[in-house]
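Observations on the model geometry
The primary structure of each chain is shown beneath.
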Amino acid sequence: MIPAGSLFVERFEEGAAVAWAAQEGFHQLIRRHLDDAIEIGAIPDLDTELAAYAWLGAVNEIVTRWLYTGNPVRLEDVAPSLKSLLLRSVGAAPNPSST
């Protein structure tokens, strides 16, 4: 008989693997967009792998804080400031009309 604890660990590991794959997928998506932005001259040359992980971490922290504290009440309320911060972090000037 398999102990219940080992089933929990197995399911947890499966969930962690799925979460990791999703995180890596988002990382690659962000990195591709940053690479494209460099290619067209929208941002200066930079380490897009590092920048993509930094962006992913920033968004993750905002969402985690929201889940634990309910603050901000609406994630949409911080989106313009977060967008501006992230764009400035890679040397892009945010478009005031789109923030």
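Overview of the structure. (Residues numbered from 1 in each chain as written. Predicted model: local features only at pLDDT ≥ 70, side-chain atom pairs only at ≥ 80, totals over all residues. Heavy atoms only, no water.)

**Points about the nonpolar core**
Membership of the largest hydrophobic core is limited to 12 residues, which are Ile 30, Leu 34, Ala 37, Ile 43, Ala 51, Ala 52, Trp 55, Leu 56, Leu 82, Leu 86, Val 90 and Ala 92. Among the elements of the structure, helix 1 (4-39), helix 2 (48-69) and helix 3 (79-89) are those that each provide at least two residues to this core. At four residues, the largest contribution of residues to this core is made by helix 2. Those residues in contact with Leu 86 that sit more than four places away from it in its chain are Trp 55, Ala 58 and Val 59. (Core = buried A, V, L, I, M, F, W, Y, C linked by side-chain atoms within 4.5 Å. Buried < 20%, exposed > 50% of the residue type's maximum accessible area, 1.4 Å probe, protein only. Helix = DSSP H or I, 4+ residues; strand = E, 2+ residues; numbered from the N terminus. Contact = heavy atoms within 4.5 Å.)

**Overview of the pattern of salt bridges**
Summed over all chains, the structure comprises one salt bridge. Note that Asp 77 and Arg 74 form a salt bridge whose closest N and O atoms lie 3.3 Å from each other. Take Asp 77: its relative accessible area is 47%, and that puts it in the partly exposed class. (Salt bridge = Lys/Arg side-chain N within 4 Å of Asp/Glu carboxyl O.)

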